[in-house]
Amino acid sequence: MVVRSRSSRILRTVAGWAVVALFAFPLYYWLTVAFKDGNEIFNWPPKIFSFSPTVKNFEEVFGISLGFGFGEQREVLPGGGNWRMGPRLWDSIVIAVLSTALAVTIATLASYALSRMHFRGRHHFVSWVLSTRMMPPVAVAIPVFFIYKDLSLLDTYTGVILIHALMNLPLAVLLMKSFFDDIPREIDESAMVDGASRWLIFRRIVLPMVKGGIAATAVLCFIFSWTEFQFVLTLTQTGLKTVPVVSSTFVTSTGTAWGNMAALGAAAMIPAFLFILLVQKHLVRGLTLGSVKQ
């Protein structure tokens, strides 16, 4: 019996590592493309492990040299992409962080009200919030473009941050409401009996209990903003561009600069990874909040 239990445990471990390897291999292959030159990228059979790494793609994309100084400042790469990718990463970071902060702040207040306060049509309002998330961005991109044009918000941080926050708000509200619903109402009622105000209960008692939920919601909002394409493409024209939009410039009628695109993609993974790393302390708690009922 002990031998069978040990064998099954080993099989589960092997199967788990096999699944991890299966899902991690595309990421690894993408990273290897970032460190290959043009000839090795198209080798057949492909060189998975035995290849000569080079940082040429990163030098071309970010305009830097091996000495970490600025290299040749070319406006256009061989595949058509613009070399000034450092500012584009900064644009993505600013937009993703600020839109996430705005969406999570509004969603936390709104979801607490929906969870604790009863008013007429509350369930219909929640359904309406959910329905707005189902609307495809392309359906509202053109109307938003004309609104932004009248308000002079085109090609601005403010405009993109607002639209990304609005895009993430329905999901953030529904997620945070589920976290607040898992906290017993008796906690609020006991604090109110002791004389605490609704705002004090929210700020001092309830909010610390949903830190994990806030972290999980922030991660999802950040990822959706970081990878959003349609609104940025429509609402920006010259100066302001994010990584997903500027990556499309590597695909032209003359070919695709796969090495440069992979280099930009590899660099774009770092801010998202760091953001998740910062909130990992509360992330697991947020993902499991409410999974066990008393």
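Residues numbered from 1 in each chain as written. Predicted model: local features only at pLDDT ≥ 70, side-chain atom pairs only at ≥ 80, totals over all residues. Heavy atoms only, no water.

1. Some thoughts on the overall build of the protein chain
Part 1 of the argument: Secondary structure assignment for the protein chain yields 14 helices and two strands.
Part 2 of the argument: For the protein chain, the share of sequence-separated contacts (at least 6 apart) that also reach a separation of at least 24 residues comes to 70%.
Part 3 of the argument: For the protein chain, the exposed surface amounts to about 17,400 Å²; the carbon and sulfur share of it is 69%. (Helix = DSSP H or I, 4+ residues; strand = E, 2+ residues; numbered from the N terminus. Contact = heavy atoms within 4.5 Å. Areas by Shrake-Rupley, 256 points an atom, 1.4 Å probe, with all protein chains shown as cover.)

2. Focus: the pattern of salt bridges
Two side chains that carry opposite charge are able to pair once their charged atoms sit near each other.
Part 1 of the argument: Across all of its chains, the model carries four salt bridges by this definition.
Part 2 of the argument: The partner of Arg-88 in a salt bridge is Asp-91, and the shortest N-O contact between them spans 3.0 Å. Taken together, the residues span about one helical turn, with Arg-88 and Asp-91 both in helix H4 (residues 86-116) at a distance of three residues.
Part 3 of the argument: On the accessibility criterion, Arg-88 (15% relative accessible area) is buried.
Part 4 of the argument: The network of salt bridges with shared partners includes Arg-116, Asp-188 and Arg-198. (Salt bridge = Lys/Arg side-chain N within 4 Å of Asp/Glu carboxyl O. Buried < 20%, exposed > 50% of the residue type's maximum accessible area, 1.4 Å probe, protein only.)

3. Digging into the packing of helix H10 (residues 211-227) against helix H13 (residues 258-278)
Part 1 of the argument: In the contact formed by H10 and H13, the axes pass within 10 Å of each other and the chain directions differ by 170°. As far as their axial angle goes, H13 and H10 are roughly antiparallel. Seen from above, H10 lies across H13 with right-handed handedness. On H13, the residues touching Ala-218, Val-219, Phe-222, Ile-223 and Trp-226 of H10 are Ala-268, Pro-271, Ala-272, Phe-275 and Ile-276.
Part 2 of the argument: Grouping the constituent residues of the contact of H10 with H13 by class yields 10 nonpolar, no polar and no charged. (Axes fitted to C-alpha atoms, helices over the stretch in contact; angles between N-to-C directions. Parallel < 35°, antiparallel > 145°, perpendicular 65-115°, else oblique. Left-handed = near helix turned anticlockwise from the far one by under 90°. Nonpolar A, V, L, I, M, F, W, Y, C, P; charged D, E, K, R; others polar.)

4. Quick notes on the packing of H4 against helix H9 (residues 198-209)
Part 1 of the argument: The interhelical angle for the contact between H4 and H9, taken along N-to-C directions, is 105°, at an axis separation of 12 Å. The orientation of H4 with respect to H9, classified from their angle, is roughly perpendicular. Contact with H4, carried on its side by Thr-108, Leu-109, Tyr-112 and Arg-116, involves Arg-198, Trp-199, Ile-201, Phe-202, Val-206 and Leu-207 of H9 and no other residues of that element.
Part 2 of the argument: Along the lines of polarity and charge, the residues of the contact of H4 with H9 split into seven nonpolar, one polar and two charged.

5. Notes on the side chain of Thr-236
Part 1 of the argument: Relative to the elements of secondary structure, Thr-236 occurs in the loop between helix H11 (230-235) and helix H12 (243-247).
Part 2 of the argument: Residue Thr-236 is classed as buried on the basis of its relative accessible area of 3%.
Part 3 of the argument: Separated by 3.3 Å, the side chain of Thr-236 and the backbone oxygen of Leu-240 make a polar contact.
Part 4 of the argument: Polar side-chain contacts of Thr-236 include one of 3.5 Å to the side chain of Lys-241.
Part 5 of the argument: Those residues in contact with Thr-236, other than ones at most four positions away along the chain, are Asp-155, Val-160 and Lys-241. (Polar contact = N/O pair within 3.5 Å; in protein donor to acceptor, adjacent residues only side chain to side chain.)

6. Some remarks on the layout of surface pockets
In this approach the atoms are scanned with a rolling probe the size of a water molecule, which exposes any empty space left behind.
Part 1 of the argument: The space that makes up the largest pocket amounts to roughly 600 Å³.
Part 2 of the argument: As for the largest pocket, its lining consists of 22 residues, of which Thr-132, Leu-166, Met-167, Leu-169 and Pro-170 are closest to the centre.
Part 3 of the argument: Listed by contribution, the elements that provide at least two residues to the lining of the largest pocket are H4, helix H5 (122-133), helix H6 (137-151) and helix H7 (157-181).
Part 4 of the argument: By residue number, the principal contributor to the lining of the largest pocket is H7, which donates six residues.
Part 5 of the argument: Here the lining of the largest pocket is composed, by residue class, of 19 nonpolar, one polar and two charged. (1 Å grid on protein atoms, 1.4 Å probe; cavity = no way out; pocket = protein on both sides within 12 Å on 5 of 7 lines; lining within 4 Å. Points joined across faces, edges and corners; volume = space filled by probe spheres on them.)

7. A few points about the nonpolar core
Part 1 of the argument: Val-61, Phe-62, Met-85, Leu-89, Phe-250 and Leu-264 are the most contacted members of the largest nonpolar core, which totals 27 residues.
Part 2 of the argument: It is H13 that provides the largest number of residues to this core, a total of nine residues.
Part 3 of the argument: In this view, Leu-264 contacts Val-61, Phe-62, Met-85, Val-243, Val-246, Ser-247 and Phe-250; residues no more than four positions away in its chain are not counted.
Part 4 of the argument: In this structure, Tyr-112, Met-176, Val-206 and Val-210 belong to the second largest nonpolar core, which totals 11 residues. (Core = buried A, V, L, I, M, F, W, Y, C linked by side-chain atoms within 4.5 Å.)

8. What to know about the confidence of the model for the protein chain
Part 1 of the argument: For the protein chain, the average pLDDT comes to 78, and 85% of its residues sit at 70 or higher.
Part 2 of the argument: Note that pLDDT drops below 50 for residues 66-82; the model gives that stretch 37 contacts with residues more than four away or on any other chain.
Part 3 of the argument: Within the model, pLDDT remains below 50 along residues 290-294, and this stretch shows two contacts once partners closer than five positions in the same chain are excluded. (pLDDT = per-residue confidence, 0-100.)

9. Observations regarding the packing of aromatic side chains
Part 1 of the argument: In the structure shown here, the tally under the stated rule is seven aromatic pairs.
Part 2 of the argument: On the numbers, 6.3 Å between centres and 45° between planes, the contact of Phe-180 with Phe-202 is tilted. Pair noted here: Phe-180 is in helix H7 and Phe-202 is in helix H9, with a separation of 22 residues, a long-range link.
Part 3 of the argument: Centre to centre, the rings of Phe-222 and Trp-226 are 5.6 Å apart; their planes meet at 15°, and the pair counts as stacked. (Phe/Tyr/Trp six-rings, centres within 6.5 Å; stacked < 30°, edge-to-face > 60°.)

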